[in-house]
Amino acid sequence: MMTLERRVWAVTLGALLIFVAYEIVKTVLFPHISIINSHVITVIVVAVMTFFVSRYALDRYSQALVEIQRQTAITEETNRLLAGVLATMREAVIIVDSQMRIALYNEAAARVFNLPAADAGTPGARKSETALSRGEFLSAESSNVEPAHSYRLTDATRDPAINSAFKQALEERARFELRVEIAERERRSFQLNVAPLGSDLAVGVFFDITQLEKLERVRREFFANLSHELRTPLTAMLACSETLLAGAINDTKDRNRFLKALHKHAERMNDLISDISDLSAIESGQVKLSLEPVRLDRLVAEVIATLDSRRTDSNISFTTSISDSLFVLADRRRLEQILYNLIDNAMKFNRPGGLVNLTAETEDGDVMISVADTGIGIAASDLPRVFERLYRGDKSRSSKTEGTGLGLAIVKHLVRAHGGEVSVTSDLGRGSRFTFTIPASAQVAESVGQR
């Protein structure tokens, strides 16, 4: 715009110089011309010069207007694309100016910092359409305009680390990275990257790392628990083998006792390794399900009979409430594995003379299967984590019961592989109830036969 003004002024000045030269020439060459004729000729010359100067100015302004319209269209398209990108980002983005006022934020930032969602994706300073048409979106020149709805960074968060990072980025024109925690309904962790933007703006991107930190914690706990689970049978096996090598191998009675202990703990290690391998295959999607109609009541009866025969010292009683016409669409072997783990846990963590109750009912095309016991129950703080690998809430309880600690994790993944969900409710000291869903089958008993 300044270039255009200079050109118009230059042309006007040139026209003025030409007019002055014309007057000098006219006076020198035609000294005796009448005043009327002189004025007529002067008016004609001025009109012609004015026409050409005006024509030149209008042409240039027309070109400038076309360029402004083109730049406005580009700016509007850029703003639209920017708003679309910000709206689809899962990361919270906040842009602040040199006065620590929020110039722009997206919907994710509105959720994290409780900012008005209606203002997300729009400039903090509500400029006029004229200003926007001049391409002043987030421009430094208009930062002194008082916005209709402006928010300072301190309105969004009082965290001194966040405010300090933005302030340093603005003052030092450097990038900063830090980890911050923001407490809403639950505490969440973020990796904050702050960088200068333009001459007097700074942008901060908040990457939510809460889930990553949780997974890292679970991974550390898994390996800690795994080493503990392996150390227990290994210690017993080393003790038995050292005793045998020390001379007990010559005593028939002690030898048999220690060999049985060695075999028992070797079996426990083998079960643990087998379950780890099985769980790894399930989680990686390598397990392929062979779905078929399965008569539920018969499969439950077979699992109960198997467990009852293996636990000869158990005095747990069973009750079932499952229709003989109820069929599920499942992989028979994997469904048997699900039921085996749940019923086995219900027996292990039950009280002497306790009861295990199994029920099944259809609901919205699925079959809801429940395994309830009258055992010691699970603490409320442990309920969200019972399906984690090797997680044991009650350490004293885990030391009194055998098992790999992977059964419920396997159950969770196998149920989800069938398209269902598993949940647990418990009353500490009174028992627990595990419930999972699995697709129902329209197959009827007559067409399946005596499976």
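Engineer: For the sheet that holds strand S10 (residues 355–363), give the residues involved together with the corresponding values.
Structural biologist: Across the sheet, five strands lie side by side as S8-S10-S11-S13-S12; this open sheet has mixed pairing. Unpaired on one side and paired on the other, strand S8 (317–321) and strand S12 (422–427) mark the two borders of the sheet. With strand direction ignored, the average angle separating the axes of adjacent strands in the sheet is 15°. One ladder, built from five bridges, connects S8 with S10; its direction is parallel. Each bridged residue has a counterpart across the sheet, and for Ser321 the counterpart in S10 is Thr359. Each of S8, S10 and strand S11 (366–373) is contacted by helix H9 (residues 296–310), which is oriented at about 175° to S8, the strand it contacts most. Sheet contacts for helix H10 (residues 332–348): S8, S10, S11 and strand S13 (431–439); angle to S13, the most-contacted strand, approximately 170°.

Engineer: Tell me about the pattern of salt bridges, residues and numbers included.
Structural biologist: If you walk through the whole model with that rule in mind, you get 14 salt bridges. The partner of Glu302 in a salt bridge is Arg332, with the nearest N and O atoms 3.1 Å apart. A residue pair is termed long-range when its members are at least 10 positions apart, and Glu302 in helix H9 and Arg332 in helix H10 qualify at 30 residues. Among the salt bridges present, the one from Arg430 reaches Asp427, with a minimum N-O distance of 3.7 Å. Residue Arg430 is classed as exposed on the basis of its relative accessible area of 64%.

Engineer: Provide a residue-level description of the nonpolar core, including the pertinent values.
Structural biologist: Counting residues in each nonpolar core, the largest one holds 45 residues, and the members touching the most others are Leu296, Leu335, Leu339, Ile343 and Phe436. Excluding its chain neighbours within four sequence positions, the residues that come into contact with Ile343 are Val303, Ile304, Leu307, Phe318, Leu358 and Val371. Grouped together as the second largest cluster of nonpolar side chains are 30 residues, Ala109, Phe113, Leu115 and Phe166 included.

Engineer: Please set out the sheet that holds strand S6 (residues 201–208) residue by residue, giving values where relevant.
Structural biologist: As a general point, the strands of a sheet are linked pairwise by backbone hydrogen bonds and lie either parallel or antiparallel. Spatial ordering of the open sheet is given by S3-S2-S1-S6-S5-S4, a layout of six strands whose pairing is antiparallel. The open sheet has two edge strands, strand S3 (151–152) and strand S4 (176–183), and neither has a second partner. Note that strand S2 (residues 101–105) and S3 share two bridges and pair antiparallel. Counted as the bridge partner of Arg101 is Arg152 from S3. Sitting on the sheet, helix H7 (residues 210–245) is in contact with S4, strand S5 (187–197) and S6, with an inclination near 130° to S5.

Engineer: Hey, could you go over the side chain of Asn341 for me, with residue numbers and the actual values?
Structural biologist: Position of Asn341 among the secondary structure elements: in helix H10. Other than its neighbours up to four places away in sequence, Asn341 contacts Gly407, Ile410 and Val411.

Engineer: I'd love a proper account of the packing of aromatic side chains, names of residues and values included.
Structural biologist: To describe a pair of aromatic rings, you give the distance between the ring centres and the angle between the ring planes. This structure, assessed with the given rule, holds five aromatic pairs. Arranged with centres 5.4 Å apart and planes meeting at 75°, the rings of Phe51 and Phe52 form a pair that is edge-to-face. For Phe51, a relative accessible area of 48% corresponds to the partly exposed category. For Phe52, a relative accessible area of 54% puts it in the exposed group. On the numbers, 6.1 Å between centres and 85° between planes, the contact of Phe387 with Phe434 is edge-to-face. Taken together, the positions of Phe387 in the loop between S11 and helix H11 (395–400) and Phe434 in strand S13 put the pair 47 residues apart, joining distant regions of the chain. One exposure class covers both Phe387 and Phe434, and it is buried. Three or more aromatic residues link up through ring pairs in this structure, and these residues are Phe113, Phe190 and Phe206.

Engineer: Go over the packing of helix H8 (residues 252–283) against helix H12 (residues 407–417) with me, naming the residues and quoting the values.
Structural biologist: Between H8 and H12, the shortest axis-to-axis distance is 10 Å and the interhelical angle comes to 25°. As judged from the angle between their axes, H8 and H12 are roughly parallel. With respect to the hand of their crossing, H8 and H12 are arranged in left-handed fashion. Across the interface between the two elements, Asp275, Leu279, Ile282 and Glu283 of H8 pack against Ala409, Ile410, His413 and Leu414 of H12. Considering only residue class, the contact of H8 with H12 consists of five nonpolar, one polar and two charged.

Scoring rules and cut-offs
- One numbering rule holds for all chains: residues counted from 1, following each sequence as written.
- In keeping with the model being predicted, local features are shown solely for residues with a pLDDT of at least 70 and side-chain atom pairs are shown and tallied solely at 80 or more, while totals for entire chains, interfaces and linings include all residues.
- Only hydrogens and water are set aside when side-chain values are computed; all heavy atoms of the structure are taken into account.
- Note: two strands are recorded as paired if DSSP finds a minimum of 2 bridges between them.
- Here a strand is any run of E in DSSP of at least two residues, a helix any run of H or I of at least four, and the numbering for each starts at the N terminus.
- Note on geometry: axes are lines fitted to C-alpha atoms, helical ones only across the stretch in contact, with angles between N-to-C directions running from 0 to 180 degrees.
- The contact definition used throughout considers only heavy atoms, calling two residues in contact when any of these lie within 4.5 Å.
- Think of a salt bridge as a Lys or Arg side-chain nitrogen and an Asp or Glu carboxyl oxygen that are within 4 Å of each other.
- For each residue, the accessible area found with a 1.4 Å probe, counting protein chains only, is set against the maximum for its type, and the residue is called buried under 20%, exposed over 50%, and partly exposed in between.
- We call a set of buried Ala, Val, Leu, Ile, Met, Phe, Trp, Tyr and Cys residues a nonpolar core when their side-chain atoms join them within 4.5 Å.
- Each aromatic pair joins two rings of Phe, Tyr and Trp (for Trp, the six-membered one) with centres within 6.5 Å, and gets the label stacked for planes under 30 degrees apart, edge-to-face for over 60, and tilted for any other angle.
- Note on angle classes: values under 35 degrees are labelled roughly parallel, values over 145 roughly antiparallel, values of 65 to 115 roughly perpendicular, and the remainder oblique.
- Each helix crossing is assigned a hand: it is left-handed if the near helix lies turned anticlockwise from the far helix by less than a right angle, otherwise right-handed if that turn is clockwise.
- Charged residues are taken to be Asp, Glu, Lys and Arg, nonpolar residues to be Ala, Val, Leu, Ile, Met, Phe, Trp, Tyr, Cys and Pro, and polar residues to be all remaining types, Gly included.

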